[in-house]
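In case you want the letters, here they are:
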Amino acid sequence: SPQQYNVTSYEATTVAIITLEAFAGMWINAFIVCVLCIAWVKKKTLNSNEKILLLLACSRFCSLCFSWVYSFLSTIYPNYLYVHTIFQLIVFFQSFFNYSDLWFSACLCAFYCIKIANFRNSFFIYLKVKIDMIVPWLLLGSGILALAIGIVAFDIANKPHCNNHNSTGQGNFVKSNIKMDKHFFPSFFLAGFEYAASFTAVIFSAVFLLFSLWRHTRKMQANSMNNLSMDAHIRAMKSILSFLLIYSINFLCLVLKMVYVTKKKNHMTFLILLFQYTFPGVHSLILIFSNPKLEKALLKILPLEKSVKC
């Protein structure tokens, strides 16, 4: 039977912080799922933006859940975690939902770009007209790409590559590490490709949208149009900039995580984990406050709103 591992103060602190961030992020994303599902039941339908938000919130909730289970078991009950089937399943679902999160985020940014930006290009106009028909295919493609990396991760977890107890001495240890690196290379290559592709989609979407909003703002200033409308565009630009900034930091952390994947009890590893567990909750909060329906629902349940009314 699995026995509890002797946890150091460093590991206990890490698990405690990760637990706090993971549960906060799960609560925020569960809130988005609940609000959108209630709206779905009432209206019998969801628009394209709400479909992407719903799948994004579901993937983030599940990603945080499986990531927390992996971190908790690897620290407290490592013997239980590395039971063959359990380890495979956790690695598969963690990879699948992590990459679903990445691609659904990219889809959301691309959707905002196509829906809001104004360009006279015929292909862009075609995308704007057909966007509601394209979104389900984008989501399906995102799910297939995430499933591909999940299957590769499952296959790698299925093969013993780092528990070579017969490798003793410095020479054998080096050979074991070389074999492990070769075994992980397909996973790292595919992961790096998906990171880069989704991040590129976000960058292009954000740049196009910011350029379009900047042109529109200049036109409004030249024509002395309503200041309220211009303020709304400026707020949209700030929102997109914050989205791009936080996504850039998350991408950097994903790359650094690949570099420091074999290093334990490292301050850089701790900082990477700290931000990666913070990102799904913070970005989801930004999405809530940029969506009137979600913001109104959140304010209704906050104690601050009730105290103001009293």
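Look above for the structure.
Residues numbered from 1 in each chain as written. Predicted model: local features only at pLDDT ≥ 70, side-chain atom pairs only at ≥ 80, totals over all residues. Heavy atoms only, no water.

Draft legend 1. Structural detail: the state of the cysteines. Enumeration over the complete set of coordinates arrives at zero disulfides. Free cysteine Cys-113: the closest other cysteine sulfur is in Cys-109, separated by 7.3 Å. On the basis of relative accessible area, Cys-113 is assigned to the buried category, the value being 4%. (Disulfide = S-S within 2.5 Å. Buried < 20%, exposed > 50% of the residue type's maximum accessible area, 1.4 Å probe, protein only.)

Draft legend 2. Region of the structure containing the nonpolar core. Within the largest apolar cluster, 30 residues are counted, with the highest numbers of intra-cluster contacts made by Phe-31, Ile-32, Ile-288 and Leu-294. Among the elements of the structure, helix 1 (9-43), helix 2 (48-76), helix 4 (84-116), helix 5 (122-157), helix 6 (170-222), helix 8 (267-289) and helix 9 (292-301) are those that each provide at least two residues to this core. Looking at which element gives the most residues to this core, the answer is helix 1, with six residues. Not counting the four nearest positions on each side in its chain, Ile-32 is found in contact with Leu-53, Ala-57, Ser-284, Ile-288 and Leu-294. One finds Leu-102, Ala-206, Leu-244 and Ile-246 within the second-largest nonpolar core, a separate group that totals 18 residues. (Core = buried A, V, L, I, M, F, W, Y, C linked by side-chain atoms within 4.5 Å. Helix = DSSP H or I, 4+ residues; strand = E, 2+ residues; numbered from the N terminus. Contact = heavy atoms within 4.5 Å.)

Draft legend 3. Inspection of the environment of Ile-301 at higher detail. Tracing the chain through its elements places Ile-301 in helix 9. Once you skip the residues sitting within four places of it in the chain, Ile-301 turns out to touch Trp-27 and Phe-31.

Draft legend 4. Structural context of the packing of aromatic side chains. Applying the stated criterion to the full structure yields 12 aromatic pairs. Ring plane angle 85° and centroid distance 5.3 Å describe the contact between Phe-23 and Trp-68, whose orientation is recorded as edge-to-face. With Phe-23 in helix 1 and Trp-68 in helix 2, this pair connects stretches of sequence that are 45 residues apart. Residues Trp-27 and Phe-31 carry aromatic rings whose centres are separated by 6.0 Å and whose planes lie at 10° to one another, so their mutual orientation is stacked. Linking Trp-27 with Phe-31, this pair stays in helix 1, spanning four residues, or about one helical turn. Taking relative accessible area as the criterion, Trp-27 reaches 48% and is therefore assigned partly exposed. (Phe/Tyr/Trp six-rings, centres within 6.5 Å; stacked < 30°, edge-to-face > 60°.)

Draft legend 5. Broad picture of the pattern of salt bridges. Tallying each qualifying case throughout the model produces four salt bridges. In this structure, Lys-43 engages Glu-50 in a salt bridge whose closest nitrogen and oxygen atoms are separated by 3.4 Å. Among the residues examined, Glu-50 registers a relative accessible area of 5% and is labelled buried. Arg-60 is the partner of Asp-101 in a salt bridge, and the nearest nitrogen-oxygen pair spans 2.9 Å. Of this pair, Asp-101 sits in helix 4 while Arg-60 is found in helix 2, placing the two residues 41 residues apart along the sequence. Accessibility expressed as a relative area gives 7% for Asp-101, which makes it buried. Given the relative accessible area of 0%, Arg-60 is considered buried. Salt bridges linked by common partners bring Lys-43, Glu-50 and Lys-293 together as one network. (Salt bridge = Lys/Arg side-chain N within 4 Å of Asp/Glu carboxyl O.)

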